[in-house]
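# Architecture at a glance
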Amino acid sequence: MDHDVFWKYIQNEFGQVQKHLRNIIELQNLCNHSITYLTREAIMGIQKDMRAMAGHLSATCNRSANPKALTLSDIYGNRWATNPKQFTFMEGEILCLLGLASCVQQRGIESFLKFKNQPHVAVTHNASSIQNIALQKSDTAESHAYKLISKIRAFYAMQQISDPKFDKFTRKLEKLEVHSLTITDNEVRASIVCPICAMEGNERKINFKMDPYSRWHIFSYKRHCDAFHYEVPRGTKRKRCLEIDNEETDDTMDDCS
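In this report, we go over the structure that sits alongside the text.

The rules we used
- Residues numbered from 1 in each chain as written.
- Predicted model: local features only at pLDDT ≥ 70, side-chain atom pairs only at ≥ 80, totals over all residues.
- Heavy atoms only, no water.
- Axes fitted to C-alpha atoms, helices over the stretch in contact; angles between N-to-C directions.
- Helix = DSSP H or I, 4+ residues; strand = E, 2+ residues; numbered from the N terminus.
- Parallel < 35°, antiparallel > 145°, perpendicular 65-115°, else oblique.
- Left-handed = near helix turned anticlockwise from the far one by under 90°.
- Contact = heavy atoms within 4.5 Å.
- Buried < 20%, exposed > 50% of the residue type's maximum accessible area, 1.4 Å probe, protein only.
- Phe/Tyr/Trp six-rings, centres within 6.5 Å; stacked < 30°, edge-to-face > 60°.
- Lys NZ or Arg CZ within 6 Å of the ring centre and 35° of its normal.
- Core = buried A, V, L, I, M, F, W, Y, C linked by side-chain atoms within 4.5 Å.

So, about the packing of helix H1 (residues 3–14) against helix H2 (residues 19–27). The interhelical angle for the contact between H1 and H2, taken along N-to-C directions, is 125°, at an axis separation of 12 Å. When the axis of H1 is compared with that of H2, the two are oblique. As for the relative orientation of H1 and H2, their crossing is right-handed in sense. Touching His3, Trp7 and Gln11 of H1 are Arg22, Ile25 and Glu26, all from H2.

Another point: the packing of H2 against helix H5 (residues 72–80). Look at H2 against H5: their axes get within 7 Å of each other, and the N-to-C directions meet at 130°. In terms of orientation, H2 lies oblique with respect to H5. H5 is crossed by H2, and the crossing has left-handed handedness. The residues of H5 that touch H2, namely those facing Lys19, His20, Asn23, Ile24 and Leu27, are Ser73, Asp74, Ile75, Tyr76 and Gly77.

Time to look at the environment of Met53. Note that Met53 resides in the loop between helix H3 (40–52) and helix H4 (54–63). Relative accessible area serves as the criterion here: at 26%, Met53 is assigned to the partly exposed category. Taking C-alpha positions, Met53 is 8.7 Å from Pro84, a pair spaced 31 residues apart along the chain.

A few words now on the packing of aromatic side chains. Per the counting criterion, the structure on display carries 9 aromatic pairs. Among the aromatic residues, ring-to-ring pairing joins Phe155, Tyr156, Phe166, Phe169 and Tyr230 into one connected group. Above the ring of Phe228, the side-chain terminus of Arg204 is found at 4.0 Å from the ring centroid. Here the guanidinium or amino end of Lys222 rests over the ring plane of Phe155, the centre of that ring lying 4.6 Å away.

This brings us to the nonpolar core. Counting 36 residues, the largest nonpolar core has Trp7, Ile25, Leu38, Met50, Tyr76, Phe89 and Leu100 as its most contacted members. Breaking this core down by element, the ones donating at least two residues are H1, H2, H3, H4, H5 and helix H6 (91–107). With 7 residues, the single largest contributor to this core is H6. If you look at the next biggest cluster of nonpolar residues, it comprises 30 residues, including Ile152, Ile196, Tyr221 and Tyr230.

So this is what it looks like as structure tokens:
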């Protein structure tokens, strides 16, 4: 389990979570679907656990010679670091934990986990080319893949369509994964194998290209789904609670193959 990836994705969606709360969630093994079961009663149980573990954690922290090891402040927060046996969640912290549970429940835990199957990534550099795409050094191939999959899912999640066939279609999109991703000095391209086609015994690969503003254009997959799976009617109302980039027109290289 890559906790750094989990917290990077969830804080991007939810907002900042204090360090000691993140560490408590990790100690309680809740960086998974179990976090959705958090209730006030469960949080009080965690509080009791943290008090009971105070002696053990204090001894562990005191013995460690590793400068990067967790301190009692990292685990209990500055407020209770000197008296961990009396550790108590503040009301705001309880609301934060309940909010995290709700966020993961609504989005699905897969939105915040590292991809099970890493995309094949090819990275090439051409010293003579002009770098015309704004890629941050911290952006990894994984984060590019995550943004692409999230944008496709968000587009369909925001459609206000009451149709069992549409619901079935969107559930199948949970299996979306990036098949390959190529990063060169002046562009980022990716491809996915449509999971719905794969379920039907066909393999259709859809290609995508990131624009110079680091945005993915997903028209090629919308066009594919309209033709083969579920056509979203023109003029369909959209939910305002989700945000994706404004509608764009894909690069002409974005084709189904």
